[in-house]
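# Architecture and fold: a report
Here is what each chain is made of, one letter per residue.
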Amino acid sequence: MSLKSLDPRINRLNLPDGEQPPMEPKAAFDQFETYEVFAQKRDNTPFTYAGPVHAPNADVAFLFAKEQYSRRSACSGLWVVQTRHIMVSPYANDDECIYDTFKVEIPEHTAWPLESYEVFHLKKRGKAHTHIGRVGATSYQEAYHKAKQAFAAQHPAVNMWVVKSKNVLQSAEEDRDMWLTLPEKKYREPAAYKVLDRIKSFKEKQQKALNK
Amino acid sequence: MKEEAIKDLLYKIADDQLILGHRNSEWTGLGPILEEDIAFSSMAQDKIGHSLAFYTLLHELGEAEPDLLAFSRSATQFHNSQFTELPNGEFDYSLIRHFLYDNAEAIRFEKLSHSGYEPIAKVATKLKGEIKYHVLHANTWIRNLGSSTEEAISRLQNSLNSLMPYALGMFELSVYEQVLIDTGIYAGEEAIKEEWLTRIQQVLASTELTMPDIPSQTPMLGGRYGTHTKHLQPLLNEMAEVIKIDPTAEW
Amino acid sequence: MYGGGNTFEAIKAEGLEEEDARKMAEFEGRIAQGEKIEPDDWMPRLYRQQLIRMIEQHAHSEIIGALPEGTWITRAPGFRRKLALMAKVQDEVGHAQLLYSAAETLGKSREEMLTDLINGKSKYSNVFNYPTYTWADSCIISWLIDAGAIVNQMANSKGSYGPYCRALERICAEEAFHLKYGHDSVVYMATGSSIQRQMVQEALNRWWSQIMTFFGPSDKLSVHTETLMRWKVKMASNDECRQQYLDMYVPKILELGLTIPDPLLKKNEDTGQWEYTEPDWDEFRRVINGDGPCNAERLGVRRMAEERGAWVRLALKNPTAKYVRPLA
Ligand SMILES: [Fe+2]
Ligand SMILES: [Fe+2]
Ligand SMILES: [Fe+2]
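These numbers were taken from a predicted model, which means no experiment stands behind them.

## Re the overall build of chain B
- Scanning chain B from N- to C-terminus turns up ten helices and zero strands.
- Counting from the amino terminus, chain B carries its helices and strands in the arrangement α-α-α-α-α-α-α-α-α-α.
- Its C-alpha radius of gyration of 18 Å places chain B within 12% of the 18 Å reference for a compact globule of 251 residues.
- Its C-alpha atoms give chain B principal-axis dimensions of about 50 × 45 × 30 Å.
- A sequence separation of at least 24 residues applies to 80% of the contacts in chain B between residues at least 6 apart.

Next comes the structure, spelled out in structure tokens:
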């Protein structure tokens, strides 16, 4: 016997009917690692944190990120970073700056060559991290200090993330056309639904019928 | 003659997109991974959107409204390949169909973006970016799964083997084939098929999957001119179930 | 979609007195100042537990809520409705993804949450244990259940937990489309042919009691509720949400010439409060505990999706990968 449903899709799946034994608990780690996604709404605006996806590798993470985080509003680019590649500072209070309250040892030897690191700031608790710039450093610690010198004065932040640029999967310039038709998908925008006139003429019709 | 040829072309593209978009939309909420559920739904929406764009071109050539074209014809009046109407099966089956179909679709649209019939060229050019994502999605999945576990590989291989004759049915020749080619409206199915085989082969070569032997396949033809499997009419009945409650009403 | 998340189980608040008093004062001070809590901050155990439960149930409601509407995707009448419904249901799946992620930042993995859902250990909005008999049912859900969800979600988006607020900001923006789409589809039917009017009236009759239970029973006033309100976990009482909802939507329903199947429903002008027939809370409890028309199907479908998807996840899993919770 398979489960009978009002849903024709479900009937096609031939699900077992009746009481089922409980599902075996899934392995503690059944799915995938997480990747953090940053989206750029339009040119010359900073990449902003959008949220995570679960994915087995960066390529698939990009496929997932593109639809989960850039299907609804304008987008000109996407960055994807594996969560464990992001170094996170503690959080400061909203009226403080993390660079004032949190101290990191300056590494003694700075070796060459410098590597590039991307720096993200959280302006206020509850908001989203945005990309603030890039520094060259030989370690996360050094990157933190370089970020402090470069950005702290002008851009106070309650939290900062730093990640090696080479660990950021960036959408390519020539892939921008993937977002080209977004603005045309009007059917998922509230503005596409206008019923005031319809309601008005319906009420008038009703009123007329009453008056008769 | 030329207009009939153009309509014939538009119908087969629009019907393919509608029927496969409809099938793929059945996955919404049932996918194997939340994120993939979302991605698959987007691509199904794109396909339904593409079909609407092509039905609109047909309407501009004097055919009925898109809603009527999609929701009120019977199976024998549909021009989609049988490939697109087959039930979804499990994820491997839907994924292989997506891979085979969207690679063909990409080539079809690349060619159409140079079509001598301006309205088609415009639509095809505009949709290029969407289809680029579809192909990236399909090929990435096949590359990943196609060289993973034994189970995944054998599932994909079985689906590939059973779908290939249907996939070849996508390239059924139009009765206007030569007119379309001669007038520069369309590159023709043979040209698209050749290119498609090369691209499919390229992706499969990077996996542990084997390309089925093409010359020994019998393509499942007939869909372009109304011969369908037993699955299409029930699909259409389901699609029109609500609209038929009151066909003259606005829903 | 989501509703009455705080009402399903009695809240246990043991061990509050064991929390570090200095840290607790700092935590409560931050919330009192209107600052958000972020994942790495110290937080009381009760706060963490309660948020996990609430966000998790919210996520389950989104993914299960995709089913009674998803069934109408293949039958939606016309391109406009078909495309919109596809996008709407897709959004709900997307909301589940966002919310599971927010709950993950508190330390419960997505797979644990999904297992708890499938094994019935974790609840979701009870309204989705009822079927959608006709297209009109799906329209009523899109409009009036989503409207309820919005009342809830708007309140919660002013809560204290950063990741939940970020997810809700995005969710509320998308819900604006759901509400408009739902309203539009109901308006077309209610102002349409007599067959359509009858369909939509019948659907409203079927769904009204679900709508009335959506926000959950009246909260029992307790110290714990008071604590959760102070911590901005629970943002409004169930009755407040219900009253606000009735204020906003009863006139919009009535202007379409529809009738609401509750003869006692009226606004008491003296108290400013809506009076109504108390919904059948015994049925509510029975259904939420498993004995509803669609409970088995909903969980069966989720289970099928997990089980039939297992080979995909297994095939792609990197054996050396270690789980790290998402950052924010
Ligand atoms: Fe496609
Ligand atoms: Fe939602
Ligand atoms: Fe919604």
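## What to know about the coordination of the iron ion (ligand 2)
Residues and elements named next belong to chain C.
- Within the protein, the atoms that donate to the iron ion (ligand 2) are E62 (OE), E92 (OE), H95 (ND1) and E175 (OE), at distances of 2.1 to 2.4 Å.
- Taken together, the four donor atoms coordinating the iron ion (ligand 2) span angles of 78 to 165 degrees at the metal, a pattern that classifies the geometry as irregular.
- We note that the donor set of the iron ion (ligand 2) lies within a single chain, spaced as E-x29-E-x2-H-x79-E.
- In this structure, the iron ion (ligand 2) lies 3.4 Å away from the iron ion (ligand 3), the two metals sharing E92 as a donor. Here the residue E92 occupies a position in helix 3 (residues 79-104), and E175 occupies one in helix 6 (residues 162-190), the gap between them amounting to 83 residues.

## What to know about the packing of aromatic side chains
- This model, assessed by the stated rule, comprises 30 aromatic pairs over all chains.
- Taking 6.2 Å as the distance between ring centres and 75 degrees as the angle between the ring planes, the aromatic pair formed by A:Y193 and C:Y181 counts as edge-to-face. Remark: C:Y181 occurs in helix 6 and A:Y193 occurs in the loop between strand 8 (168-170) and helix 5 (196-211); the pair is interchain, linking two chains.
- A relative accessible area of 0% means that C:Y181 is categorised as buried.
- Ring centres of B:F171 and B:W196 lie 5.0 Å apart, and the angle between their planes is 55 degrees; this geometry places the pair in the tilted category. Note that B:F171 is positioned in the loop between helix 7 (150-168) and helix 8 (177-182) and B:W196 in helix 9 (residues 189-205), a separation of 25 residues in sequence. The burial state of B:F171 is the same as that of B:W196; both residues are buried.

## As for the interface of chain B and chain C
- Tallying the contact residues gives 49 residues for chain B and 42 residues for chain C.
- Together, B:L34, B:Q45 and B:W251 form the three largest contributors to the area buried by chain B at its contact with chain C, with a combined 20%.
- Seen at the junction of chain B and chain C, the total is two salt bridges.
- C:R110 serves as the salt-bridge partner of B:E35, at 2.6 Å between the closest nitrogen and oxygen.
- Inspection of the region where chain B meets chain C yields 14 residue pairs in polar contact (both at pLDDT 80 or more).
- Elements that contribute at least two residues to the side of chain B that touches chain C include exactly helix 1 (2-25), helix 2 (34-60), helix 3 (66-72), helix 5 (91-112), helix 6 (118-145), helix 7 and helix 10 (232-240) of chain B.
- Here the side of chain B that touches chain C gets 13 residues from one element, more than from any other, and that element is helix 2 of chain B.
- Classifying every residue of the side of chain B that touches chain C by side-chain character gives 23 nonpolar, 14 polar and twelve charged.

## Focus: the coordination of the iron ion (ligand 1)
Residue and element names in this part refer to chain B.
- Within the protein, the iron ion (ligand 1) binds to K47 (NZ), D102 (OD), E105 (OE) and H134 (ND1); these donor distances fall in the range 2.0 to 2.3 Å.
- Here the iron ion (ligand 1) is ringed by four donor atoms whose angles at the metal span 84 to 125 degrees, and the overall shape comes out irregular.
- Motif for the iron ion (ligand 1), donor spacing along one chain: K-x54-D-x2-E-x28-H. Taken together, the residues K47 in helix 2 and E105 in helix 5 connect sequence positions 58 residues apart. Comparing K47 with E105, the two get one shared label, buried.

## Digging into the pattern of salt bridges
- What the rule picks out here adds up to 65 salt bridges over all chains.
- The partner of C:K108 in a salt bridge is C:D116, and the shortest N-O contact between them spans 2.7 Å. No difference in accessibility class separates C:K108 from C:D116, as the two residues are buried.
- Members of the salt-bridge network, linked through shared partners, are A:R125, C:R22, C:E26, C:R30, C:E35 and C:D41.

## Details of the side chain of C:R303
- Within the secondary structure, C:R303 sits in helix 11 (residues 295-316).
- Given a relative accessible area of 16%, C:R303 falls into the buried group.
- Ignoring anything within four residues of it in the chain, the contact list for C:R303 reads A:Q20, A:P21, A:P22, A:M23 and C:I118.

## Some words on the nonpolar core
- Ranked by internal contacts, the top residues of the largest apolar core, which has 215 residues, are B:L100, B:W141, B:L145, B:W196, C:Y47, C:W135 and C:W208.
- Ranked by residues supplied to this core, first place goes to helix 3 of chain C with 14 residues.
- With residues up to four places along the chain from it excluded, the contact list for B:W141 reads A:L63, A:F64, B:I33, B:E36, B:F91, B:L95, B:G146, C:V312 and C:L316.
- Listed in part, the 20 residues of the second largest apolar core include A:L122, A:Y140, A:F151 and A:A152.

## Quick word on the interface of chain C and chain A
- Contact with chain C, which involves 72 residues of that partner, is made by 64 residues of chain A.
- Linking chain C to chain A there are six salt bridges.
- As a salt-bridge pair, A:K203 and C:E255 come within 2.9 Å of each other at their nearest N and O atoms.
- Our count for the contact surface shared by chain C and chain A stands at 24 residue pairs in polar contact (both at pLDDT 80 or more).
- Sorting the residues of the side of chain C that touches chain A by element identifies helix 2 (45-70), helix 3, helix 4 (110-118), helix 6 and helix 11 of chain C as the ones contributing at least two each.
- A per-element tally of the side of chain C that touches chain A places helix 6 of chain C first, with 13 residues.
- Among the residues forming the side of chain C that touches chain A, the class breakdown is 27 nonpolar, 17 polar and 28 charged.

## Concerning the pairing of strand 3 (residues 77-82) of chain A
All names here are of chain A.
- Within strand 3, six of the six residues are buried, leaving the element largely enclosed by the surrounding structure.
- Where strand 1 (residues 33-40) lies against strand 3, six bridges are found, and the strand directions are antiparallel. Bridge pairing in strand 3 links F38 to W79.
- In terms of strand pairing, strand 3 meets strand 8 through three bridges, oriented antiparallel. Residue pairing in the sheet places V80 in a bridge with L169 of strand 8.

## A short note on helix 6 of chain C
- Over its 29 residues, helix 6 of chain C extends 41 Å from the first C-alpha to the last, a length consistent with the 42 Å expected when each residue adds 1.5 Å.
- Burial runs high along helix 6 of chain C: 23 of the 29 residues are buried.

## Observations regarding helix 2 (residues 58-70) of chain A
Residues and elements named next belong to chain A.
- Helix geometry: helix 2 is bent most strongly at F64, by close to 25 degrees.
- Of all 13 residues making up helix 2, eleven are buried, and the element is well covered by its neighbours.
- Of the residues flanking the start of helix 2, the one acting as N-cap is N57, its side-chain oxygen 3.2 Å from the backbone nitrogen of D59.

## Structural notes on the environment of A:Y193
- Residue classification places A:Y193 among the buried residues on the basis of a relative accessible area of 4%.
- Along the chain, A:Y193 and A:Y144 lie 49 residues apart, while their C-alpha atoms are 49 Å from each other.
- For A:Y193, the residues in contact, after removing those within four places along its chain, are A:Y187, C:R80, C:R81, C:A84, C:F177, C:K180, C:Y181 and C:D184.
- In terms of polar contacts, A:Y193 uses its side chain to reach the backbone carbonyl oxygen of A:Y187, at 2.7 Å.

## Overview of the side chain of B:D246
- Of note, B:D246 is situated in the segment after helix 10.
- Although buried, B:D246 forms no salt bridge, and the nearest oppositely charged side chain, C:R197, lies 9.4 Å from it.
- Engagement of the side chain of B:D246 in a polar contact is seen with the side chain of C:S193, the distance being 2.6 Å.
- Sequence-distant contacts of B:D246, that is, excluding residues within four places in its chain, are made with B:W251, C:S193 and C:I195.

Reading the values: the criteria
Residues numbered from 1 in each chain as written. Chains lettered and ligands numbered in written order. Predicted model: local features only at pLDDT ≥ 70, side-chain atom pairs only at ≥ 80, totals over all residues. Heavy atoms only, no water. Helix = DSSP H or I, 4+ residues; strand = E, 2+ residues; numbered from the N terminus. Rg over C-alpha atoms; globule rule 2.2 N^0.38 Å. Contact = heavy atoms within 4.5 Å. Donors = N, O, S within 2.8 Å, 3.2 Å for Na, K, Ca; no water. Tetrahedral: all angles 85-135°; square planar, octahedral: opposite > 155°, others 65-115°. Phe/Tyr/Trp six-rings, centres within 6.5 Å; stacked < 30°, edge-to-face > 60°. Buried < 20%, exposed > 50% of the residue type's maximum accessible area, 1.4 Å probe, protein only. Buried area = accessible area lost by both parts, 1.4 Å probe. Salt bridge = Lys/Arg side-chain N within 4 Å of Asp/Glu carboxyl O. Polar contact = N/O pair within 3.5 Å; in protein donor to acceptor, adjacent residues only side chain to side chain. Nonpolar A, V, L, I, M, F, W, Y, C, P; charged D, E, K, R; others polar. Core = buried A, V, L, I, M, F, W, Y, C linked by side-chain atoms within 4.5 Å. Pairing = 2+ DSSP bridges. Expected span 1.5 Å × (residues − 1). Bend = angle between axes of the 7 residues up to and from the residue. Lys, Arg positive; Asp, Glu negative; His and termini not counted.

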